[in-house]
Amino acid sequence: MDKKGLTPKDFISIGIFTAIWFVVEFAFGILGYIHPYIVAAYVVMLPLAGAIPMMLFYTKVEKFGMLTIMSVLIAIIMFVTGMGYLGAPITIASGLIADLIAKSGNYKKFPKTVLSYGVFCLWICANYFPILVTADSYRQDLVDAGYSAEYCDNLFRAINPRTIAVLLIVCFICGCIGAFIGKAAVRKHFEKAGIA
Amino acid sequence: MSAKLDPRTKLYMILIVSAVVMMSATTPLLWVVRIAMTLIPLILLVAEKRYASALRFTILYAIALVLTFCFLSEESTGILQSLLIGYCGIAVQFLPALITAWYVVRTTKIDEFMSAMQRMHVPDGIAISLAVVMRFFPTIKEEYASITDAMRMRGISFGGGRPSKMVEYRMIPLLFSCVNIGDELSAAAITRGLGGKVKRTSVEELRLRVSDWILILGFTAAASVFVIFKYVL
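A brief structural summary. (Residues numbered from 1 in each chain as written. Chains lettered and ligands numbered in written order. Predicted model: local features only at pLDDT ≥ 70, side-chain atom pairs only at ≥ 80, totals over all residues.)

### Details of the overall build of chain B
Helices and strands together make up the secondary structure of chain B, namely 8 helices and 0 strands. Within chain B, buried positions represent 32% of all 233 residues. (Helix = DSSP H or I, 4+ residues; strand = E, 2+ residues; numbered from the N terminus. Buried ≥ 20, exposed ≤ 12 C-beta atoms within 10 Å, placed from the backbone.)

Now the structure itself:
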């Protein structure tokens with residue numbers, strides 16, 4: 001097989017799975033407007049919800065760069081949908097590290113895939129970045145945008161520099177759990193059908 | 001005047017609108033700028049004869065604005081209010097970006113987009129993947145609607161009462177059809193010479209017309225007004 005570079009087929013898979021992953025993420029993301037604790041709970045919901053498409057994607061990843069490009073795309077989409085640019089470096093960095101981990105397992109070893117997906121999921125925490133870095137002005141922005149003070153207080157109680165470490169760890173663990181669930185689903189449905 | 005715009009203008013619009021969306025409007029002037037920026041893609045949608053979506057977006061945005069100004073404040077509490085905040089928060093904050101993105105996705109042909117990306121020297125990998133992402137959102141919506149129909153015919157709605165089955169009945173079929181479409185798409189792309197060593201040419205000649213420049217200038221001006229009045233004055 002040609003190991004040199006990525007082919008258009010790879011790029012198209014990246015595009016498709018980014019789109020699916022974004023739709024899933026968006027569906028859950030809307031829930032966050034109901035209560036700020038749900039925003040904090042993204043670290044549990046999103047890795048689990050996105051696991052099945054991502055595990056299917058991992059079966060298609062064979063070369064270095066696919067996960068990195070995906071994280072770049074996610075960063076672009078997050079910017080376009082108004083999530084800010086502060087999280088972009090973290091998003092891309094987590095994609096790159098995830099890519100390196102998966103590469104060290106030659107993209108085939110399942111334990112490495114689990115770790116890699118766990119790291120990849122850390123981009124979700126990148127969305128919290130504006131809340132941490134620009135806490136005061138961000139709060140003012142929210143109040144101006146029509147959020148209640150109650151929502152803001154809860155949001156900052158759930159997400160602050162003290163809790164971010166916990167959130168990161170939870171995110172990673174949920175990513176790993178999600179990888180197992182996703183793998184089981186892929187095995188059940190797709191491998192028999194010959195797609196994976 | 002032809003309403004056809006250069007894809008680069010459209011991308012620039014997305015960039016500016018997303019940047020402005022991130023900064024909240026605090027004074028009436030800023031609100032005016034922001035609403036004006038939202039109106040432009042709406043007008044463009046009408047110009048492209050997409051009346052239904054233009055109307056839908058206008059109504060959504062108008063309701064959200066009215067609600068935000070009349071009923072919600074820092075002191076609002078309670079369940080109804082928090083649901084309203086949920087709706088208005090999304091709508092007021094993100095609808096401008098969403099409308100612009102929708103306009104761009106719906107009116108840009110993929111070949112135009114690709115040749116614009118090529119003109120801007122974006123790496124092929126990112127350009128192709130982004131083009132696929134853009135093209136795919138409507139496809140996912142259609143596929144999901146068909147799957148819902150198919151499930152309803154079999155008498156399964158929302159996972160047949162079992163939420164855990166929801167994933168199996170919705171996401172798995174969706175993934176199946178998306179993977180298949182992806183295979184077809186890559187076959188089609190290779191047929192058209194994507195990924196070859198040669199520089200690709202395009203049937204569409206991209207040119208920045210007067211209307212493009214007007215829009216670019218307008219958006220730049222709006223963004224500068226926004227930034228200056230928010231942070232400098």
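From this point, the narrative continues.
### Describing helix α6 (residues 110-120) of chain A
All names here are of chain A. Buried residues dominate α6, accounting for 8 of its 11 residues. Considered for burial, the residues of α6 that qualify are Thr 113, Val 114, Leu 115, Ser 116, Tyr 117, Gly 118, Val 119 and Phe 120. Check the buried side of α6 and you find it contacts α3 (51-60), α4 (66-80), α5 (88-104), α7 (123-126) and α11 (164-193). (Contact = placed C-beta atoms within 7 Å.)

### Re the packing of α3 of chain A against α11 of chain A
Residue and element names in this part refer to chain A. Remark: α3 packs on α11, axes separated minimally by 8 Å, with the N-to-C direction vectors making an angle of 70°. Of the possible angle classes, the one that applies to α3 and α11 is roughly perpendicular. The two elements α3 and α11 meet at a crossing, and its hand is right-handed. Where α3 abuts α11, its residues Ala 51, Ile 52, Met 54, Met 55, Leu 56 and Thr 59 lie against Gly 178, Ala 179, Ile 181, Gly 182, Lys 183, Ala 185, Val 186 and Phe 190. Each residue belonging to the contact of α3 with α11 can be placed in one class, and the counts come to 10 nonpolar, 3 polar and 1 charged. (Axes fitted to C-alpha atoms, helices over the stretch in contact; angles between N-to-C directions. Parallel < 35°, antiparallel > 145°, perpendicular 65-115°, else oblique. Left-handed = near helix turned anticlockwise from the far one by under 90°. Nonpolar A, V, L, I, M, F, W, Y, C, P; charged D, E, K, R; others polar.)

### Describing the packing of helix α1 (residues 8-29) of chain A against α4 of chain A
Residue and element names in this part refer to chain A. Running from amino to carboxyl end, α1 crosses α4 at an angle of 45°, the nearest separation of the two axes being 10 Å. In terms of axis orientation, α1 runs oblique to α4. The crossing of α1 and α4 is right-handed. Taken together, the residues of α4 that come into contact with α1 (itself represented by Asp 10, Ile 14, Thr 18 and Phe 22) are Met 66, Ile 69, Met 70, Leu 73, Ile 74 and Ile 77. Among the residues making up the contact of α1 with α4, the classes are represented as 8 nonpolar, 1 polar and 1 charged.

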